[in-house]
Amino acid sequence: MTSTEWRPTACILCECNCGLEVQLGGDDDRHLIRFRGDKRHPSSRGYACEKPHRLDHYQHGRDRVTRPLRRRPDGGFDEIDWDTAIREVAARFAAVRDAHGGESIFYYGGGGQGNHLPGAYATATRRTLGSRYRSSALAQEKTGEFWVSTRMMGSATRADFEHCDVALFLGKNPWHSHSIARARVTLKELAQDPARTLVVIDPRRTETAAMADVHLAVRPGTDAWLMAAILAVIVEEDLVDHAFVAAHVVDAAPVLDALRAVPIAACCARSGVAEADVRRAARLLAGARALASFEDLGVQMNRGSTLVSYLHRLLIVLTGSLGRPGTHFVPTTLVDIANGASTKTSPVAEARIVGGLVPCNVIADEILTDHPARYRAMLVEAANPAHSLADSKRFREALRALDLLVVIDVAMSETAQLADYVLPAATQFEKAEATFFNFEFPANTFQLRPRLFAPPPGPLPEAEIHARLAEAWGAITEDDLAPLRAAAAEGLAAYAQAFMARVAMHPRLSAQAPVILYRTLALPEALREGAVVLGLAAKAALERPASLARAGFGGSPLEAAVALFTAIVEHPEGVVFAVDAWDGVLRDLPTPDHKIRAALPDLLDELAAVLAAPAEVVDPAFPMVLSAGERRSFTANTIIRDPAWRKKDAGGALRISPADAAALGVVDGDPVRLTTRRDAVVVAVEVTDTMQPGHLALPNGLGLGYPGPDGEITTGVAPNELTASDDRDRFVGTPWHKHVPARIERVDRTAPAPAPAPAG
Ligand SMILES: Nc1nc2c(c(=O)[nH]1)N[C@H]1C(S)=C(S)[C@@H](COP(=O)(O)OP(=O)(O)OC[C@H]3O[C@@H](n4cnc5c(=O)[nH]c(N)nc54)[C@H](O)[C@@H]3O)O[C@H]1N2
Ligand SMILES: Nc1nc2c(c(=O)[nH]1)N[C@H]1C(S)=C(S)[C@@H](COP(=O)(O)OP(=O)(O)OC[C@H]3O[C@@H](n4cnc5c(=O)[nH]c(N)nc54)[C@H](O)[C@@H]3O)O[C@H]1N2
Ligand code: SF4
Ligand SMILES: [Mo]
């Protein structure tokens, strides 16, 4: 039986978090049976792709962790009760802190594509322990973009694809990866309207490229030359928006000089794109009424990634594509996720920390050393770094070298398998959840989704885990909480006032604010874990009062915070929390003088160095380039572990070009041996003329172990068995996952599959 009631929730499979309505059914109404896009959700407005229909595979994974687990010396796990788990985990973290200082305790994760509240609660745990270093997946994708953008414009920017007339996707395949609201509707509109132009820069003729008016099939890893050539054409043909530059840019001259020196023909040759096509694209981009652009992993996980992010930003600036409808904007967010400020370095590798995040690719180096400041303990929450970080073998070795590894996850992930303690979390449908990945403009949205049902006995929401840890450490006591519980009974405004007074009187409590809110705020059971959002609303009311007021949440900061939080609680389908204006984008640019800095000397030097460098010598042992981790119709990081969720491409084929297939004598479905400097695997091929000769692509999110009838079965190739952590950007340490030197060889179809490489 399926209940006919439609319940509001959201899809958790990519960062768009489209609003959904779901009908429950099956045992105790705990299965997610029917789905539809929620028309009331303010940004997705009824949109959803094919993936959420498979969400029940997430809720009912067979490798769900249902009890706290403690590692035995023989490597197995014992189930323990929560009191024991909390007591021991609290004592062991405290012991590491007392022996080596809180800064030796590293925090990784905090949220994936659908769940950002754990990271908010974990700030209490981190501050109690004095933990200073942390990271997340953003530090292997977006930190380069955030860093240059913040230096130039005071913030990262996003783009308005709905109203642009020219759209550029650079190393991005939104048909499958989305990342913009209602991606496929927006792409179809762009493609079908003769007055609008879709430009894609990608070595592969992706689904998005196939719809495009202009597809520049760049040679893999050479986007820096292509972008330099495009910019140089814009300068040479005098297509620069001089009025914009004069009004908003303080230091354009050194940039224009550098671009005048770019050898256009040589750059085009290097990038594999005909000069005539580059010039045509440059004129289109510069001639746009409104240009919207988006760079993603194809360039951010590739050679020269930070330089390409810089050149992309120069394209935005020199074409004046900021602050008008259809161009770029600075989003107002509830949590400052896109902050690219950099003030310190990591303690061992001395790597640049951007937005508070240690580069993922140096974490193993920070552990596998006898340096006194090395990380000794790690808390991993809602992330699977043993699978998602470069060079899994070395990362596993690093995790094993820790004095203590604690993992909070719903499933027995590759990382959980290495933990000293695994703490089982409620799924994202068993607790209230939210994300901070909405970047709409001028009206931005936020959705706090109520749980669909209670967790089964065993797993706990992260909020509860962090609150119990705080209590075990004595960081919060009943004396701290009782007065606030009393205030909560008098309503939200009285509570908020009492909360501020209490923290002002006892400043030590400010570090514990998330868990205090969770313990004392009177919320309906289905929304309890949303308590921390009141704190975020209060912060937004102080920092962005005008944006909140335009959305209807005005008055004093306290009044605004209370009104906003009330609306969030009353609208489980999502609310508009901030409204901005296009004419405010440039006026309020978050740089000290509200002007753009175009000349970043280190990146201009890098451009000159790259242009002067001789062509790289290809290692004959690895003549091909592997893009390790491509988004396809049925991939979603490692959020769903059951391979049966995939309706297509169940095994995760290696895409190769017809020319490479013919040279090897293989056809669709044949196995080949794929070898990189780190490993060799056997994988079936998909022969497709969307690939360039010499270019290979493996999907992301595969190679997960999952319980089968006769034990664990691993489906597909885990991409990071093949990658190396030294292959990274020299500025911010982002990995070159899309540029792994590789070769392929034929294997006999009838020969038994080779034994898997020993787990390092
Ligand atoms: N279906 C699905 N959607 C997802 C996700 C998922 O797992 N599955 N994950 C989400 C997440 S976490 C993220 S970060 C986004 C990522 O979204 P995308 O960045 O769009 O994802 P990818 O497919 O990894 O890479 C994009 C493109 O880079 C191209 N590329 C490879 N090498 C080069 C190169 O040298 N130059 C250029 N210009 N392009 C190159 C590839 O051909 C590919 O089309 O997707 C999100 N959406
Ligand atoms: N080679 C290569 N590597 C890549 C990429 C690539 O393209 N190529 N892409 C990179 C990118 S862009 C990203 S974003 C990362 C993603 O990698 P990670 O950041 O590690 O994220 P996920 O793989 O989504 O892992 C999420 C974990 O959270 C668990 N989980 C799900 N729901 C909950 C919950 O409610 N609570 C808790 N506590 N846990 C939960 C899941 O079981 C899973 O173990 O991968 C990166 N790695
Ligand atoms: S676009 Fe992303 S969030 Fe929306 S339904 Fe598809 S996978 Fe889910
Ligand atoms: Mo990502």
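Residues numbered from 1 in each chain as written. Chains lettered and ligands numbered in written order. Predicted model: local features only at pLDDT ≥ 70, side-chain atom pairs only at ≥ 80, totals over all residues. Heavy atoms only, no water.

(A) View of helix α19 (residues 478-488). Here α19 has its buried residues at D480, L481, L484, A487 and A488. Along the axis of α19, the buried residues cluster in a sector spanning 115 degrees; they form a single face. Looking at the packing, one finds that the buried side of α19 touches α18 (462-472), α20 (492-505) and α21 (513-520). (Buried < 20%, exposed > 50% of the residue type's maximum accessible area, 1.4 Å probe, protein only. Helix = DSSP H or I, 4+ residues; strand = E, 2+ residues; numbered from the N terminus. Arc of directions from axis to C-beta. Contact = heavy atoms within 4.5 Å.)

(B) Layout of the environment of E471. Topologically, E471 is positioned in helix α18. For E471, a relative accessible area of 31% puts it in the partly exposed group. Along the chain, E471 and R87 lie 384 residues apart, while their C-alpha atoms are 9.9 Å from each other. Ignoring sequence-local partners within four residues, the contact set of E471 consists of I476, L481 and R519.

(C) Structural detail: the domain arrangement of the chain. Segmentation of the chain into domains returns domain 1 (7-59), domain 2 (69-131 + 376-435 + 443-579), domain 3 (156-333) and domain 4 (617-746). Counting residues at the interface gives seven residues for domain 1 and ten residues for domain 4. Together domain 1 and domain 4 conceal approximately 860 Å² of surface at their shared face, both sides included; 67% is due to carbon and sulfur atoms. If you look at where domain 1 meets domain 4, you find zero salt bridges. Counting across the domain 1 and domain 4 interface gives three residue pairs in polar contact (both at pLDDT 80 or more). The class makeup of the residues in the side of domain 1 that touches domain 4 is three nonpolar, one polar and three charged. (Domains from an automatic or database assignment. Buried area = accessible area lost by both parts, 1.4 Å probe. Salt bridge = Lys/Arg side-chain N within 4 Å of Asp/Glu carboxyl O. Polar contact = N/O pair within 3.5 Å; in protein donor to acceptor, adjacent residues only side chain to side chain. Nonpolar A, V, L, I, M, F, W, Y, C, P; charged D, E, K, R; others polar.)

(D) Unusual backbone geometry, seen in detail. Cis peptide bonds are those with omega within 30 degrees of zero, and the linkage from F441 to P442 qualifies with 0 degrees. Within the element layout of this structure, P442 appears in the loop between β18 (421-424) and β19 (443-446). Positive phi values are uncommon outside glycine, yet R45 reaches one of about 45 degrees. Phi is positive for E350, which is not a glycine, with a value near 55 degrees. Tracing the backbone shows E350 in the loop between β14 (344-345) and β15 (352-353).

(E) The site of ligand 1, seen in detail. As a matter of local geometry, ligand 1 sits amid 34 residues, with D202, G221, D223, T635 and K738 nearest to it. At a separation of 2.9 Å, an oxygen atom of ligand 1 approaches a polar side-chain atom of N700. Taking 910 Å² as the accessible area of ligand 1 by itself, protein coverage stands at 98%. Taken together, the elements giving at least two residues each to the shell around ligand 1 come down to α5 (174-177), α13 (297-300) and β21 (624-630). Residues of the shell around ligand 1, tallied by class, amount to eight nonpolar, 14 polar and twelve charged. (Near = heavy atom within 4 Å. Areas by Shrake-Rupley, 256 points an atom, 1.4 Å probe, with all protein chains shown as cover.)

(F) Main features of the pattern of salt bridges. Within the structure shown, the criterion is met by 54 salt bridges. Between E721 and R396 there is a salt bridge, and its shortest N-O distance comes to 2.8 Å. Taken together, the residues span a long stretch of sequence, with E721 in the loop between β27 (711-715) and β28 (740-746) and R396 in helix α17 (residues 392-401) at a distance of 325 residues. When salt bridges with common partners are traced through the structure, they connect R204, E207, E630, R632, D649, R655 and E686 into a single cluster.

(G) Seen up close, the nonpolar core. Y108, I363, M378, L405, F446 and L448 are the most contacted members of the largest nonpolar core, which totals 85 residues. Ranked by residues supplied to this core, first place goes to helix α22 (residues 532-543) with seven residues. Here F446 is in contact with L334, A434, T435, F436, V533, I568, G574, V575 and F577, once residues within four sequence places are set aside. Listed in part, the 73 residues of the second largest apolar core include V218, A288, L291 and V732. (Core = buried A, V, L, I, M, F, W, Y, C linked by side-chain atoms within 4.5 Å.)

(H) Main features of the side chain of S155. As for its placement among the helices and strands, S155 is situated in the loop between α4 (143-153) and β8 (158-159). S155 has contacts with S149, T150, V330 and P590, leaving out every residue within four places of it along the chain.

(I) Structural detail: the site of ligand 2. Lining the immediate surroundings of ligand 2 are 32 residues, of which D409, E462, A628, R631 and T638 lie closest. A distance of 3.5 Å is found between a nitrogen atom of ligand 2 and a side-chain nitrogen or oxygen belonging to Q140. Between an oxygen atom of ligand 2 and a side-chain N or O atom of T638, the distance comes to 2.6 Å. A total of 920 Å² of accessible area belongs to ligand 2 in isolation, and the protein chains cover 96% of it.

(J) Representation of the sheet that holds strand β7 (residues 133-135) within the structure. Pairing is mixed across the open sheet formed by seven strands, whose spatial order is β5-β4-β18-β17-β16-β6-β7. Edge positions in the sheet fall to β5 (77-79) and β7, since each of these pairs with one other strand and no more. On average, each strand axis in the sheet is inclined to that of its neighbour by 15 degrees, with strand direction left out of account. As paired elements, strand β17 (residues 404-409) and β18 share four bridges and run parallel to each other. Within β18, the position partnered with I408 by the bridge is L423. In the packing of helix α3 (residues 117-129) onto the sheet, the strands contacted are β6 (105-109), β7 and β16 (377-381), and the crossing angle to β6 comes to about 175 degrees. (Pairing = 2+ DSSP bridges. Axes fitted to C-alpha atoms, helices over the stretch in contact; angles between N-to-C directions.)

(K) View of the packing of aromatic side chains. Under the defined criterion, the tally for this structure stands at twelve aromatic pairs. Seen from their ring centres, F436 and F446 are 5.9 Å apart, and the 10 degrees between their planes marks the pair as stacked. Pair noted here: F436 is in the loop between β18 and β19 and F446 is in strand β19, with a separation of ten residues, a long-range link. F446 shares its class with F436; the two are buried. Between the aromatic rings of F634 and W645, the centroid separation amounts to 5.4 Å while the plane-to-plane angle is 75 degrees, which identifies the pairing as edge-to-face. With a gap of eleven residues between them, F634 in the loop between β21 and β22 (654-656) and W645 in the loop between β21 and β22 connect regions that are remote in the sequence. On the basis of relative accessible area, F634 is assigned to the buried category, the value being 4%. Judged by its relative accessible area of 1%, W645 falls in the buried class. An aromatic cluster is built from F106, Y133 and Y375, whose rings are joined through pairwise contacts. (Phe/Tyr/Trp six-rings, centres within 6.5 Å; stacked < 30°, edge-to-face > 60°.)

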